[in-house]
Amino acid sequence: MTTFTTLPLGRSDLRVTPVCLGTMTFGEQVDEAAAHRILDEAVARGINFIDTAEMYAVPTRRETYGATERIIGSWFAARPGVRQKVVLATKVAGPGRNMDWVRGGSPNLLPAEIVQACDESLKRLRTDVIDLYQIHWPNRNVPTFGALYFDPAKDAEFSSIHEQLEALAGLVKAGKVRHIGLSNETPWGVGEFLRVAGQHGLPRVATVQNPYALTSRALDNGLDEMLYREQVSLLAYSPLAFGSLTGKYDEIGFGAADKPGRLAIFDGMKKGRWGRPEALAAARLYNALARRHGLTPTQLALAFVYGSRRVASTIIGVTSLAQLDENLAAWGTALSPELLAEIDAIRWTHRDPAQ
């Protein structure tokens, strides 16, 4: 078992391990039996925090919508008592992103849809309560998932933050949700959720789940200060940048690989933020830096996020027990001030503007 000291999430009473098991591969790259083995091992190794979402597995498909939650639910059902040992987080999908199988592709996340989504997640997860319920991406017009610019011309009608918080408050009052969080949010969005909650006596956001990695450090500029001063915890996702920071794509790019990952398997992902040529070029520099210092690329990438004062818990996504072991083995790896300076030097000389 890895020895972890649990940490509070925001101002809530939730205490979690600084490593969280992400599950979006369950139901696509990982079948149910293998997922159960990974979940068993994660808990045995000391992890008490599991994150999922209604829209998982990823990449999103009509056929696998809700599959990840159902797999976790079957794991809970087969192992009496394990639900009480873990902090369970899931997410309601934001407005439609070409997914007409999620509430008909609704372009506006309505309060009633938040309640509906929560009820359906509870059924799939076979639990009575969700410890941390998150809005997966903002309901309003905002650049997300690697988009660069805010475009006011794209504004449209959407449920207000006040209305969203009132719906979440109803779930908390009903005992279906303990605490709430956000994901893929901006500094303005976090501040407005906090302001409205304080003004109207509604639930306070405990967490923000955003990308954070060697090649994804937009959070350092603006959101970092907001989270620190307001005591909102960061849940860092994609610390390995969809595998590009493991080194497995360094030589062959995203073509056929000896150890193919999602960027090699799924064509749609090659066109996303982690698959851009600039992102892979930056990853190669960090991976080479790791090797020069006697570390594996995975060790360097995870140690950077694990050791950041900004991060309450790092969400790791694995497809095998071997990957889980490798990710946990990186815990406790210390990076010297000199190495951190070299990391920043790469950042400033090889910046990807979307990150």
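Refer to the structure printed above.
On a predicted model such as this, the values are computed, not experimentally measured, just so you know.

Draft legend 1. Quick look at the nonpolar core. Within the largest apolar cluster, 80 residues are counted, with the highest numbers of intra-cluster contacts made by Leu21, Tyr133, Leu245 and Leu300. Ranked by residue count, the leading element in this core is helix H10 (residues 297-306), at 7 residues. In this structure Leu245 touches Ala213, Leu214, Thr215, Pro239, Leu240, Ala283, Tyr286, Asn287, Pro297, Thr298 and Ala301, once residues within four positions along its chain are discounted. Ranked by size, the runner-up nonpolar core spans 12 residues in total, among them Leu132, Leu235, Tyr237 and Ile315.

Draft legend 2. Seen up close, unusual backbone geometry. The linkage connecting Tyr56 with the following residue, Ala57, adopts the cis geometry, with an omega of 25 degrees. You can see Ala57 is positioned in the loop between strand S4 (49-51) and helix H2 (67-78). Looking along the chain, the bond that leaves Val58 and enters Pro59 is cis, with omega of 0 degrees. Topologically, Pro59 is positioned in the loop between S4 and H2. The phi torsion at Arg126 lies on the positive side, around 55 degrees, for a residue other than glycine. Counting through the fold element by element, Arg126 comes out in the loop between helix H3 (111-125) and strand S6 (130-135). Overall, the relative accessible area of 54% leaves Arg126 in the exposed class. Within the chain, Ser238 stands out as a residue other than glycine whose phi angle is a positive 55 degrees. Structurally, Ser238 can be placed in the loop between strand S9 (233-237) and helix H7 (262-265).

Draft legend 3. Representation of the packing of aromatic side chains within the structure. Taken as a whole and assessed by the stated rule, the structure comprises 4 aromatic pairs. With 5.9 Å between their ring centres and 20 degrees between their planes, Tyr212 and Phe304 make a pair best called stacked. Of the two residues, Tyr212 sits in the loop between strand S8 (205-211) and helix H6 (223-230) while Phe304 sits in helix H10, which places them 92 residues apart along the sequence. Under the relative-accessibility criterion, Tyr212 is labelled buried at 0%.

Basis of the calculations
Residues numbered from 1 in each chain as written. Predicted model: local features only at pLDDT ≥ 70, side-chain atom pairs only at ≥ 80, totals over all residues. Heavy atoms only, no water. Core = buried A, V, L, I, M, F, W, Y, C linked by side-chain atoms within 4.5 Å. Buried < 20%, exposed > 50% of the residue type's maximum accessible area, 1.4 Å probe, protein only. Helix = DSSP H or I, 4+ residues; strand = E, 2+ residues; numbered from the N terminus. Contact = heavy atoms within 4.5 Å. Phe/Tyr/Trp six-rings, centres within 6.5 Å; stacked < 30°, edge-to-face > 60°.

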